[in-house]
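Structure assessment
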Amino acid sequence: MNDPLLLRKINKEIQDFKTKQIQVVPGLTFNQYETINKVYFYYHSKFQSGDVDDEGDRKYFYNINKNPCKVFSKAIDFDTKNIRLLTAGGGDPLKTWFMERDLKYWMRDKQFGKVLNRIFKELPIFGSVVIKIVDGTPYFVDLRNFVVEQTADSIDDMNYVTEIHNFTVPQFRKAAKTMKWEESKVNEVIELFHQMKETSHIRVYERYGEVMEVNASGKETYTHKRVFIADVGVDELDNYGNLEVEHRGVELSSTDWEGTPYWEFHADKLSGRWLAVGVVEDLIEPQ
């Protein structure tokens, strides 16, 4: 991968995700990042404007959304014991029995019951839940760090998906070992991180989408890739504030990749926006 503008492109996509209002229909705008932040505040009984009013008195938050969330979770809840395999017409019941035993073992080994419980808990709160499958193991994605095209109907329809990882140095070393990143690049990132006193984490972008490449004849082509790039470092400016050397990050790996490893679950899905409507968002005005 040799796209020198990729880091700038990713930062522009993140900036748009955090600040750009999309128009669902004329007169109705929506921003996913802003909505998720508001859901965090309201579910945890906090006003975004602070706990004290203009006169210095405490503002009491009478939370009306937690109980409806619990009712929603209970309504959709089921356990791993409720998952059954049935034999199709003309099939072999013995094969189904063995397959069901394998499935039960897999669910117990992966603690799939806990995964289901967390989906049922978070779905009414945020409206959408995303799980990432890594080597057969499911991980929950933090929607605050999940940059998507807000107007897309599903993840499969998006031009790009970026997951933001904020690592401490030990976490970064562990991730580097797991992902088999080049030692020289890993050391470069850590060295740059220690030079930046104002940050406490190493930020790595995991992006799925098309990336520009230039072949031997100089022709530009686009390939769908999974790219890990560390956004550590600063632009170099001259004495007059003009850009001399643009910081392009450190590319840790780049591989051809079809699709994404993400699975999405939605509550009340609406056309025109990817994030579904959860109970907390439904109750923002009454709250």
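Our structure's up above, just so we're on the same page.
Treat the numbers as computed from the prediction; the structure is a model and nothing was measured. (Residues numbered from 1 in each chain as written. Predicted model: local features only at pLDDT ≥ 70, side-chain atom pairs only at ≥ 80, totals over all residues. Heavy atoms only, no water.)

Helix and strand counts for the protein stand at 8 helices and 12 strands. A principal-axis box enclosing the C-alpha atoms of the protein has dimensions of 70 × 65 × 40 Å. Going through the 287 residues of the protein one by one, you find that 36% of them count as buried. Looking at the protein alone, contacts between residues at least 24 apart form 60% of all its contacts between residues at least 6 apart. Within the structure as shown, the protein displays about 17,700 Å² of accessible surface, and the carbon and sulfur contribution to it stands at 50%. Counting 38 positive and 46 negative side-chain charges, the protein places the averaged centre of each group 8 Å from the other. (Helix = DSSP H or I, 4+ residues; strand = E, 2+ residues; numbered from the N terminus. Buried < 20%, exposed > 50% of the residue type's maximum accessible area, 1.4 Å probe, protein only. Contact = heavy atoms within 4.5 Å. Areas by Shrake-Rupley, 256 points an atom, 1.4 Å probe, with all protein chains shown as cover. Lys, Arg positive; Asp, Glu negative; His and termini not counted. Charge placed at Lys NZ, Arg CZ, Asp CG, Glu CD.)

Now for a nonpolar patch on the surface. On the surface, a cluster of nonpolar side chains totalling about 330 Å² of accessible area is made up of Leu94, Trp97 and Phe98. Position of Phe98 among the secondary structure elements: in helix H4 (residues 93-109). (Patch = residues over 30% accessible without salt bridge, like charges linked within 9 Å, V, L, I, M, F, W, Y side chains within 5 Å. Salt bridge = Lys/Arg side-chain N within 4 Å of Asp/Glu carboxyl O.)

For strand S6 (residues 160-167), a buried count of 7 out of 8 residues is recorded, marking the element as mostly surrounded by other parts of the structure. As paired strands, strand S5 (residues 146-147) and S6 are joined by 2 bridges and run antiparallel to one another. Paired with Phe146 across the strands is Glu163, a residue of S6. The pairing of S6 with strand S7 (residues 202-214) spans 8 bridges and is antiparallel. Note that in S7 the partner of His165 across the bridge is Val204. (Pairing = 2+ DSSP bridges.)

Here we come to helix H7 (residues 183-195). Helical geometry note: an α-helix holds 3.6 residues per turn, so side chains three or four residues apart project in the same direction. The end-to-end C-alpha separation of H7 is 19 Å, in line with the 18 Å expected for 13 residues at 1.5 Å each. Inspection of H7 places Val186, Val189, Ile190 and Phe193 among the buried residues, and these make up the whole buried set. For H7, the angular spread of buried residues about the axis comes to 95 degrees, placing them on one side. Opposite the buried face of H7, at more than 90 degrees from it, the exposed residues are Glu191 and Gln195. If you follow the buried residues of H7, they end up packed against helix H6 (169-179), S7, strand S8 (220-230) and strand S11 (250-256). (Expected span 1.5 Å × (residues − 1). Arc of directions from axis to C-beta.)

Okay, the pattern of salt bridges next. Applying the stated criterion across every chain, the model contains 10 salt bridges. Residue Lys46 is joined to Asp51 by a salt bridge in which the shortest nitrogen-to-oxygen separation is 3.4 Å. Overall, the relative accessible area of 29% leaves Asp51 in the partly exposed class. For Glu281, the salt bridge identified is with Arg273, shortest N-O distance 3.0 Å.

A separate point is the pairing of strand S3 (residues 128-134). For a regular strand, the rule is simple: side chains alternate between the two faces of the sheet. Taken across its 7 residues, S3 has 5 buried, putting it largely inside the fold. Pairing of S3 with strand S12 (residues 262-266), which is carried by 5 bridges, proceeds in the antiparallel orientation. Paired with Ser128 across the two strands is His266, which belongs to S12. Sheet topology places S3 next to strand S4 (residues 137-140); 4 bridges connect them, and they run antiparallel. Residue Lys132 lies in a different strand from S4, and its bridge partner there is Tyr139. Taking the residues that link successive antiparallel strands as the turn, the S3-S4 hairpin has 2 residues, and the phi of Asp135 there is positive, at about 50 degrees.

So yeah, pure geometry; function would need other evidence.
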